[in-house]
Amino acid sequence: MTTPLPQFRKYLLLTLITLALSLLPISSVLSRTLPRLYQIKSHLYPALQTRTFSSRAMAYEKELEIAALAVQRATLLTKSVYHSHSKGTLSKSDSSPVTIGDFGAQALIISSIKHAFPNDEVVGEEDADDLRADSSLRDLVWKLVQAAKLEDAAAEEKIGGPIKSVEAMLDAIDSGRSAGGRKGRIWALDPIDGTKGFLRGGQYAVCLALMVGGIPTVGVIGTPNLPVDDQAPLDAKIGENADDSEGKGVLFSAVRGEGATSRPLSKGGLEPGKSINMKPLDDTTQATFCESVEAGHSSHSDNAAIASKLGITKPSVRMDSQAKYCSIARGAGDLYLRLPVSKSYEEKIWDHAAGVVIVQEAGGEISDAWGKPLDFGIGRTLKENKGIIAAPKAVFPMVIEAVKEVLNAKQ
Ligand SMILES: Nc1ncnc2c1ncn2[C@@H]1O[C@H](COP(=O)(O)O)[C@@H](OP(=O)(O)O)[C@H]1O
Ligand SMILES: [Mg+2]
Ligand SMILES: [Mg+2]
Ligand SMILES: [Mg+2]
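Definitions and limits used
- Residues numbered from 1 in each chain as written.
- Chains lettered and ligands numbered in written order.
- Predicted model: local features only at pLDDT ≥ 70, side-chain atom pairs only at ≥ 80, totals over all residues.
- Heavy atoms only, no water.
- Helix = DSSP H or I, 4+ residues; strand = E, 2+ residues; numbered from the N terminus.
- Buried < 20%, exposed > 50% of the residue type's maximum accessible area, 1.4 Å probe, protein only.
- Contact = heavy atoms within 4.5 Å.
- Areas by Shrake-Rupley, 256 points an atom, 1.4 Å probe, with all protein chains shown as cover.
- UniProt positions renumbered as here; feature names shortened; annotations may be inferred.
- Pairing = 2+ DSSP bridges.
- Axes fitted to C-alpha atoms, helices over the stretch in contact; angles between N-to-C directions.
- Donors = N, O, S within 2.8 Å, 3.2 Å for Na, K, Ca; no water.
- Salt bridge = Lys/Arg side-chain N within 4 Å of Asp/Glu carboxyl O.

## Side note on the overall build of the protein chain
So, step 1. When you go through the protein chain residue by residue, the secondary structure sums to 12 helices and 14 strands.
So, step 2. Of all 411 residues assigned to the protein chain, the portion counted as buried reaches 50%.
So, step 3. Excluding contacts between residues fewer than 6 apart, the proportion of contacts in the protein chain whose partners are at least 24 apart in sequence is 73%.
So, step 4. Working note: accessible area of the protein chain is about 19300 Å², and carbon and sulfur atoms make up 58% of it.

Pasting the structure below:
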């Protein structure tokens, strides 16, 4: 006869052995699949983050949508002028050019903003004085404005539909006379940036930014002559080689703290966007830098001296407008150099506000030529700043050092 205790031990032992044997395949399966699952999770994580990012309530969502649709509609107008022989060009008091495209785009964009955000102020580059004084010019702009319409009726509705009358068009243009400042919400609008490029058949951009408390917070730029492909290499001829045949035309946007995006321009509602980033760069010798085509806007010789200090050997890419900011933000180029030519010139806020937020949100750093932060809150110009430099964060201090050496050597 067996005693109960050894009998119990025997059962316990048998149970443990059976349990261990049955767990063996499970554990071997687990040991093979867990690392794989981990791999899949790490792979998916950025995508999951992106989904969360876009599904949670985004800051300034309505502002971004209205600004993007407004810029998209205005680019339709500018494209029709770009392809026309008569651009209705006038020379402004500072002898810079303005065309019927600039007036028309400003009218459309301000009327969109005032429809959605009636209490916001706008600092716009143009005013309606010349149109009020010249009825044939006014009629040309009125025709253009009436013809520019988004094909998507719901999108057109969101930005207020057509402008109601000639008087409303002139008033819209003149609503861009805000003095700017640090208080509240102020939009900075450049209806055609790079007007000289626009007239030459080069790059140009339709630029709109919302500044909140003097800080560029939402930025939208339409570049009808840039290639849609973010990876397209930035060739030195991009500034000259700018027809807008099929496959060209991009809408860039950014919201402070939410990242930067590019999407193809369309004639209707907004196309889906994808996130853009500056190209990682830790060796400046490999950099491509962008500068103005116009030597009067940015000193080509100072820019070249800086490039040489940084060991850059590639030729600069010259192009007009804030398409330069967009190009570095999408990683097609690396640095933006704008060294002042005239001591007295004050950079205009509408020439930079949208580009600045897009570059910052794509991982770039931006300041004036002395490394001083740009101050958009003191009026229509950046009067406390001289020149502008933008670069990926990692190399920014090195770039500013080179700029200072060049500037100090001139003093
Ligand atoms: N002396 C100067 N220095 C710097 N920028 C100037 C300038 N004279 C005009 N600009 C500005 O340069 C802008 C074009 O910049 P870029 O050279 O990068 O294309 C012009 O915008 P608009 O074309 O909207 O008038 C204009 O406001
Ligand atoms: Mg101008
Ligand atoms: Mg401009
Ligand atoms: Mg302009």
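## Observations concerning the UniProt feature "binding site: Mg(2+)" (unreviewed entry) in the protein chain
So, step 1. The positions UniProt marks with the feature "binding site: Mg(2+)" (unreviewed entry) are Glu125, Asp190, Ile192, Asp193 and Asp351. The greatest C-alpha distance among the annotated residues, which extend across 227 residues, is 9.7 Å, indicating that they converge on a single site.
So, step 2. Examined against the element boundaries, Asp193 turns out to sit in strand β4 (residues 185-193).
So, step 3. Beyond its immediate sequence surroundings of up to four residues, Asp193 is in contact with Tyr204, Ala205, Cys207, Ser321, Gln322 and Asp351.
So, step 4. Assignment of secondary structure puts Asp351 in the loop between β12 (335-338) and α11 (353-361).

## Concerning the sheet that holds strand β11 (residues 317-318)
So, step 1. Here five strands make up an open sheet; going across it, the order is β11-β10-β12-β14-β13 and the pairing mixed. What marks the edges here is a single partner per strand, and that holds for β11 and β13 (364-367).
So, step 2. Relative to strand β14 (residues 388-392), β12 runs antiparallel, the two sharing three bridges. Within the sheet, the bridge partner assigned to Arg338 lies in β14 and is Ile388.
So, step 3. In the packing of helix α9 (residues 300-309) onto the sheet, the strands contacted are β10 (289-291), β11 and β12, and the crossing angle to β10 comes to about 170°.
So, step 4. Its contacts with the sheet place α11 against β13 and β14, and it is angled at close to 145° to β13.

## With respect to the sheet that holds strand β3 (residues 121-124)
So, step 1. Taken together, seven strands build an open sheet; the order of strands is β3-β4-β5-β6-β7-β8-β9 and the sheet is mixed. Each of the sheet's edge strands pairs with one partner strand only, and the pair in question is β3 and β9 (274-276). Adjacent strand axes in the sheet meet at a mean angle of 25° when their direction is disregarded.
So, step 2. Sheet topology note: the β4/strand β5 (residues 205-212) ladder contains seven bridges and is antiparallel. Bridge pairing in β5 links Arg185 to Val212.
So, step 3. Its contacts with the sheet put helix α2 (residues 61-82) on β4, β5, β6 (215-227), β7 (248-255) and β8 (259-264), and the angle it makes with β6 is roughly 35°.
So, step 4. Sitting on the sheet, α11 touches β4, β5, β6, β7, β8 and β9, and the angle it makes with β6 is about 95°.

## Structural notes on the coordination of the magnesium ion (ligand 4)
So, step 1. Taken together, the protein ligands of the magnesium ion (ligand 4) are Glu125 (OE), Asp190 (OD) and Ile192 (O), with distances of 2.0 to 2.2 Å.
So, step 2. By relative accessible area, Ile192 is classed as buried at 1%.

## A closer look at the pattern of salt bridges
So, step 1. Counted by the stated rule, this structure contains 22 salt bridges.
So, step 2. The salt bridge partner of Glu291 is Arg318, with a shortest N-O separation of 2.8 Å. One end of the pair, Glu291, is in strand β10; the other, Arg318, is in strand β11, with 27 residues separating them in the sequence.
So, step 3. The exposure class of Glu291 is buried, given its relative accessible area of 2%.
So, step 4. Shared partners join several salt bridges into a network, and the residues in it are Asp129, Arg132, Glu167, Asp171, Asp174 and Arg177.

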